[in-house]
Amino acid sequence: MELSVLIIEDDENIREGLHFALQQEGYRVLLAGTVLEAVEIIGQNHRIDLYLLDVMLPDGDGFQVCREIRKRGDEPVLFLTACDDEVNTVRALEQGADDYIPKPFRIRELLARMKAVLRRTGREAGTEDQLVWAGENQVNLQTGRVYRGGEEIIFTAMEYKLLLIFLNHRGQTLTRRQILNHIWDDAGDFVNDNTLSVYVKRLRKKLGDTVEGQLIQTVRCVGYRMEK
């Protein structure tokens, strides 16, 4: 089952960066930049499994939104705050927040905190609907394993992350810069442009993409697109 997240953040760069990163991880993402937008979305009865909530918003604060969320249900709320002080932390928890993370944060830390909160509240993604296809390759999103013809194809962590990016943006042209901005190596360092080309080549080979661009197409002077 696909989990949904509502991001309530007025900084467009942070909001869009989180949007891209969470889509990569398989989440369905809704976006709001103000208290008013957030309350409207909440009132539309969308199924939302987790809220990422900024404290400072242009027409109020995240505490108002948190109170509105708590009137309607007990879905987990994780505060994103630049105010890393005891008063705001205590206030967030008193308002019903499940966790908080100060800015700036690393995306991997945020993802880990989200998964921990979802696990504690019994909202983890189940094993159903976790199998997807990439050409002739079956990808088990629950276990992170890839099979073709009944045999497992071994991927490095970076190759698998790159595969997830393409799977979560199937049919969409991704610029090289978009990919580079949201991918890192095992040490947490950003991958450079030349290294990205190598990883794409390796990924194509492991997916059996023997005809250039049959599965992962190169969009000249722009980036890449996965069609199937």
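For the structure itself, consult the block above.
Here the structure is a predicted model, which means the values were calculated and not measured.

**Side note on the sheet that holds strand 14 (residues 223-226)**
Working step 1: The strand order across the open sheet formed by three strands is 12-14-13, and the pairing between neighbours is antiparallel. The sheet terminates laterally at strand 12 (174-175) and strand 13 (216-219), the two strands that pair on one side only.
Working step 2: With respect to the sheet, helix 6 (residues 157-168) is in contact with strand 12, strand 13 and strand 14, its orientation differing from that of strand 14 by roughly 70°.
Working step 3: Along the sheet, helix 8 (residues 193-206) contacts strand 13 and strand 14; its crossing angle with strand 13, the most-contacted strand, is approximately 150°.

**Things to note about the nonpolar core**
What tends to happen in soluble globular proteins is that the nonpolar side chains get buried as a cluster.
Working step 1: Counting 27 residues, the largest nonpolar core has L162, L163, F166, I179 and M226 as its most contacted members.
Working step 2: Going through the elements one at a time, helix 6, helix 7 (176-181), helix 8 and strand 14 are the ones with two or more residues in this core.
Working step 3: Looking at this core, the element that brings in the most residues is helix 6, giving eight residues.
Working step 4: With sequence-adjacent residues up to four places away left out, L163 is seen in contact with A134, V139, V146, F155, L203, L207 and M226.
Working step 5: Counting residues in hydrophobic clusters, the runner-up holds 21 residues, among them L6, L57, C66 and F79.

**Notes on the packing of aromatic side chains**
Working step 1: Following the criterion strictly, the structure yields two aromatic pairs and no others.
Working step 2: With 5.4 Å between their ring centres and 35° between their planes, F63 and F79 make a pair best called tilted. With F63 in helix 3 (residues 62-72) and F79 in strand 6 (residues 77-81), the pair connects residues that are 16 residues apart, well separated along the chain. Both residues of the pair, F63 and F79, belong to the buried class.
Working step 3: Ring geometry for F166 versus Y224: centroids 6.3 Å apart, planes at 85°, classification edge-to-face.

**With respect to the packing of helix 1 (residues 12-24) against helix 5 (residues 107-120)**
Working step 1: At a closest axis distance of 12 Å, the pairing of helix 1 and helix 5 adopts a crossing angle of 60°. Taken together, the axes of helix 1 and helix 5 are oblique relative to one another. Crossing angle aside, the handedness with which helix 1 passes helix 5 is right-handed. Touching L18, A21 and L22 of helix 1 are I107, L110, L111 and M114, all from helix 5.
Working step 2: Of the residues contributing to the contact of helix 1 with helix 5, the split by class is seven nonpolar, no polar and no charged.

Conventions used here
Residues numbered from 1 in each chain as written. Predicted model: local features only at pLDDT ≥ 70, side-chain atom pairs only at ≥ 80, totals over all residues. Heavy atoms only, no water. Pairing = 2+ DSSP bridges. Helix = DSSP H or I, 4+ residues; strand = E, 2+ residues; numbered from the N terminus. Contact = heavy atoms within 4.5 Å. Axes fitted to C-alpha atoms, helices over the stretch in contact; angles between N-to-C directions. Core = buried A, V, L, I, M, F, W, Y, C linked by side-chain atoms within 4.5 Å. Buried < 20%, exposed > 50% of the residue type's maximum accessible area, 1.4 Å probe, protein only. Phe/Tyr/Trp six-rings, centres within 6.5 Å; stacked < 30°, edge-to-face > 60°. Parallel < 35°, antiparallel > 145°, perpendicular 65-115°, else oblique. Left-handed = near helix turned anticlockwise from the far one by under 90°. Nonpolar A, V, L, I, M, F, W, Y, C, P; charged D, E, K, R; others polar.

So far we have only geometry, and geometry alone does not tell us how the molecule works.
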